[in-house]
2 protein chains.
Amino acid sequence: MTSSSHLHPLDEALQLAASAPGQYQGQTHPGYWNMVGPFGGITAATLLQAVMQHPDRLGEPLSLTVNYAGALAAGPFSVQATPVRTNRSTQHWTLSILQAGADGAQVVTTTATAVTAARRETWSVSDLPMPSVQPPAQHATVPPQVGTIEWLNRYEMRPIAGFIPEAWDGSGDHSLSQLWMRDAPPRPLDFCALAALADLFFPRVWLRRARHVPAGTVSITVYFHASSAQLQATGTGYLLGQARGQEFRNGFFDQTVQLWNEAGLMLATSHQIVYFKE
Amino acid sequence: MTSSSHLHPLDEALQLAASAPGQYQGQTHPGYWNMVGPFGGITAATLLQAVMQHPDRLGEPLSLTVNYAGALAAGPFSVQATPVRTNRSTQHWTLSILQAGADGAQVVTTTATAVTAARRETWSVSDLPMPSVQPPAQHATVPPQVGTIEWLNRYEMRPIAGFIPEAWDGSGDHSLSQLWMRDAPPRPLDFCALAALADLFFPRVWLRRARHVPAGTVSITVYFHASSAQLQATGTGYLLGQARGQEFRNGFFDQTVQLWNEAGLMLATSHQIVYFKE
């Protein structure tokens with residue numbers, strides 16, 4: 001990937017120009033291209049970016065749900081972000097991405113909702129402590145992928161357990177993956193980067209079956225547990241990501257995800273439901 | 001609760017009159033009243049009911065996300081259900097509930113998105129088998145609640161583990177609840193009833209802290225794994241519900257939920273993020 005700017009590729013991809021309140025214009029980024037459209041995580045991050053840029057935003061991200069209605073084509077798109085209700089400490093957003101279809105008419109490619117919240121310090125506890133694993137330096141980085149899925153090269157991944165099967169031989173017997181991960185090149189963590197990282201995991205069905213079947217996220221939800229100050233403190237450090245499937249049934253499976261920073265702080269939890277074939 | 005019809009209370013509560021395509025009129029039901037508004041589960045079921053009644057619906061529910069922007073007042077409300085994109089096997093919905101505010105203007109109380117899907121039989125497996133517990137008859141039913149939270153009387157609950165603390169003494173040390181549950185009186189299971197049941201659990205923070213602090217769901221997502229035929233086969237049987245908190249932080253916690261039928265079939269998984277005070 002070549003770039004004409006000095007921005008980090010993620011910041012390039014998340015550039016949105018406001019044409020009216022809550023109306024933004026963006027452009028797909030070749031560096032985050034998947035197979036037939038952008039990496040789902042970059043789409044989620046783009047929607048959150050529209051919320052972050054909105055002049056009327058209250059507080060910081062609490063939840064984000066993104067529904068992938070159709071693949072974005074390479075090129076320009078528009079984002080609509082509307083704060084439909086603002087309470088004293090929470091704000092509710094409806095979001096969508098639209099793109100001109102073959103006949104020039106605007107087509108909805110993505111729908112979403114988000115909640116932002118002004119949070120106060122309270123009693124806090126984790127009921128899901130970070131698993132005990134060796135630090136990032138003890139795990140090898142996945143080498144760059146040439147000529148395959150471009151967005152994979154935008155992340156540094158250091159698998160710990162449950163990486164992509166080496167043989168598609170039907171031998172799978174679990175769906176748990178753990179890995180250290182961060183943007184490549186390293187970039188200070190923020191909410192948009194975290195939203196994208198929540199979608200980093202390859203489809204659980206590949207691991208569970210050791211079969212390379214077509215699969216794609218239909219809907220993802222991210223709950224943000226950290227403040228912007230805690231994300232800043234995480235900086236360019238690694239996140240420990242954990243993903244596990246729950247139920248695989250008749251063309252769809254769901255997965256749960258947890259993301260901790262190296263200090264063991266839970267930054268986000270996430271869930272998604274994913275289409276698979278056969 | 002008295003009733004003027006011979007319908008099950010859930011069917012009464014879910015009655016929607018179509019005034020235009022995707023536009024429905026409903027009425028809050030005293031039998032499902034919580035403290036300052038309806039039980040969140042009945043609101044989720046009402047939104048799904050609008051999808052189920054829509055003449056253009058494709059397939060059966062796959063996912064539903066409901067964001068509680070503000071409490072509904074007792075009385076009439078309107079539901080908007082729009083299929084914004086229909087693909088070959090999935091359909092994407094945006095939904096909202098509106099109600100007249102104090103000044104007569106329509107106010108959004110609830111936003112939601114849903115995905116319906118035409119599913120085909122494929123390879124299937126569960127990575128989260130039903131916990132081994134004693135059958136429903138071995139667990140006592142919670143007695144009716146008089147003069148407290150009315151909606152609790154619309155459900156039969158047979159706690160197994162992690163029920164509401166008997167003393168609010170700050171002694172809590174976990175957030176896992178398991179119980180057998182079904183509509184009261186018994187009613188054949190369908191997607192709307194299942195959506196409501198996914199929100200049946202009392203706030204995890206009460207269990208984790210053994211403190212009775214104010215709490216309320218901000219956003220819930222339900223993933224449906226069963227077909228209508230499998231729900232029919234479940235009939236009026238009990239569901240085993242399991243809920244567990246993950247992270248409690250600065251005014252919000254999240255929980256994961258699984259719902260199995262007595263035969264051990266996973267019917268739905270769910271998660272929510274919940275506000276709590278102090």
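Residues numbered from 1 in each chain as written. Chains lettered and ligands numbered in written order. Predicted model: local features only at pLDDT ≥ 70, side-chain atom pairs only at ≥ 80, totals over all residues.

Explain the overall build of chain A here, please?
Counting its secondary structure elements, chain A contains five helices and 13 strands. Taken over the C-alpha trace, chain A has a radius of gyration of 18 Å; the compact-globule value for 278 residues is 19 Å, and the two agree within 12%. By its C-alpha atoms, chain A is 55 × 50 × 40 Å across when sized along the principal axes. Counting over 278 residues, chain A shows a buried share of 47%. Counting only contacts in chain A whose residues sit at least 6 apart along the sequence, the fraction spanning at least 24 positions is 68%. (Helix = DSSP H or I, 4+ residues; strand = E, 2+ residues; numbered from the N terminus. Rg over C-alpha atoms; globule rule 2.2 N^0.38 Å. Buried ≥ 20, exposed ≤ 12 C-beta atoms within 10 Å, placed from the backbone. Contact = placed C-beta atoms within 7 Å.)

What exactly am I supposed to notice about the confidence of the model for chain A here?
Regions with low pLDDT carry predicted coordinates that are not meant to be interpreted in detail. Averaged over all residues, the pLDDT of chain A is 96; the fraction at 70 or higher stands at 98%. Confidence estimates for the predicted assembly give a pTM of 0.97 and an ipTM of 0.97. (pLDDT = per-residue confidence, 0-100.)

So what exactly am I meant to see when it comes to helix H2 (residues 40–53) of chain B here?
Residues spaced three or four apart along an α-helix point in a common direction, a consequence of the helix completing one turn every 3.6 residues. Over its 14 residues, H2(B) extends 20 Å from the first C-alpha to the last, a length consistent with the 20 Å expected when each residue adds 1.5 Å. With twelve of 14 residues buried, H2(B) is to be regarded as a mostly interior element. (Expected span 1.5 Å × (residues − 1).)

So what exactly am I meant to see when it comes to the interface of chain B and chain A here?
Where interface size is given, it is often the accessible area lost as the parts come together that is meant. Taken together, the contact pairs 50 residues of chain B with 50 residues of chain A. If you tally residues by element for the side of chain B that touches chain A, the top one is strand S11 (residues 239–249) of chain B, at six residues. In terms of residue class, the side of chain B that touches chain A is made up of 14 nonpolar, 24 polar and twelve charged. Bridge count for strand S11 (residues 239–249) of chain A against strand S7 (residues 125–126) of chain B is two bridges, and the pairing is antiparallel. (Nonpolar A, V, L, I, M, F, W, Y, C, P; charged D, E, K, R; others polar. Pairing = 2+ DSSP bridges.)

Please explain unusual backbone geometry as it appears in this structure.
It is generally the case that most residues other than glycine have a negative phi and that most peptide bonds are trans. Residue A:Pro185 is bonded to the preceding A:Ala184 through a cis peptide linkage, with omega at -5 degrees. Residue placement: A:Pro185 occurs in the loop between strand S9 (177–183) and helix H3 (191–197). The backbone phi angle of B:Ala210 is positive, close to 50 degrees, even though this residue is not glycine. Relative to the elements of secondary structure, B:Ala210 occurs in the loop between helix H4 (204–209) and strand S10 (215–224). Overall, B:Ala210 belongs to the partly exposed group, with 17 C-beta atoms counted inside 10 Å. The backbone phi angle of B:Asn250 is positive, close to 45 degrees, even though this residue is not glycine. Residue placement: B:Asn250 occurs in the loop between S11 and strand S12 (252–261). A tally of 17 C-beta atoms within 10 Å means that B:Asn250 is categorised as partly exposed.

In this structure, what is going on with the relation of the copies chain B and chain A? I would like to understand it.
One copy of the chain maps onto the other through a rotation about an axis followed by a shift along the same axis. For the match of chain B to chain A, the screw axis carries a shift of 0.0 Å, the RMSD comes to 0.0 Å, and the turn is 180 degrees. Accordingly, the operation relating the two chain copies is best matched by a two-fold axis. A shared interface surface links the copies, since 100% of the contact residues of chain B are contact residues in chain A too. (Least-squares fit on C-alpha atoms with pLDDT ≥ 70 in both.)

Please explain the domain arrangement of chain A as it appears in this structure.
All names here are of chain A. On domain assignment, one finds that chain A holds domain 1 (9–118) and domain 2 (155–278). A separation of 21 Å is found between the C-alpha centroids of domain 1 and domain 2. Each partner contributes to the interface: domain 1 provides 19 residues, whereas domain 2 provides 21 residues. Looking at the side of domain 1 that touches domain 2, the elements that each hand over two or more residues are helix H2 (40–53) and strand S3 (60–68). Of the residues forming the side of domain 1 that touches domain 2, the biggest block, nine residues, is contributed by S3. Here the side of domain 1 that touches domain 2 is composed, by residue class, of twelve nonpolar, six polar and one charged. (Domains from an automatic or database assignment.)

Sorry if this is basic, but what is going on with the nonpolar core here?
Counting residues in hydrophobic clusters, the biggest one holds 142 residues, and the most contacted among them are A:Leu48, A:Leu194, A:Ala195, B:Leu48, B:Leu194 and B:Ala195. Residues from two domains meet in this core; each of domain 1 (9–118) and domain 2 (155–278) of chain A gives at least three. (Core = buried A, V, L, I, M, F, W, Y, C linked by C-beta atoms within 7 Å.)

What am I meant to see in the pairing of S11(B) here?
For a regular strand, side-chain orientation follows a simple rule: the groups alternate between the two sheet faces. Residue and element names in this part refer to chain B. Of all eleven residues in S11, eleven are buried, a share of seventy percent or more. With nine bridges joining them, S11 and S12 adopt antiparallel strand pairing. The partner of Arg 244 across the bridge, within S12, is Thr 256. A loop of two residues connects S11 with S12, the two strands running antiparallel in sequence, and Asn 250 in this loop sits at a positive phi of about 45 degrees.

Looking at this structure, I do not really get the environment of B:Glu247. What am I missing?
Along the chain, B:Glu247 falls in strand S11. Since 24 C-beta atoms lie within 10 Å of it, B:Glu247 is described here as buried. With 26 residues separating them along the chain, B:Glu247 and B:Ile273 place their C-alpha atoms 9.7 Å apart. Look past the residues within four positions of B:Glu247 in its chain and what remains in contact with it is A:Ser126, A:Leu128, A:His225, A:Met266, A:Thr269, B:Phe253 and B:Asp254.

Looking at this structure, how should I read the environment of B:Asp199?
Residue and element names in this part refer to chain B. Following the sequence through the fold, Asp 199 ends up in the loop between helix H3 (191–197) and H4. Spatially, the C-alpha atoms of Asp 199 and Ala 161 are 17 Å apart, while their sequence positions differ by 38 residues. In contact with Asp 199, not counting residues within four places along its chain, are Gly 40, Gly 41, Ala 44, Thr 217 and Ile 220.

Please clarify how the environment of A:Glu60 should be interpreted in this entry.
Residues and elements named next belong to chain A. Checked against the element boundaries, Glu 60 lands in strand S3. The exposure class assigned to Glu 60 is partly exposed, which follows from the 18 C-beta atoms found within 10 Å. Along the sequence, Glu 60 and Thr 82 sit 22 residues apart, while their C-alpha atoms lie 15 Å from each other. With near-sequence residues (within four places) excluded, Glu 60 lies in contact with Thr 116, Ala 117, Arg 119, Phe 191, Ser 227 and Ser 228.

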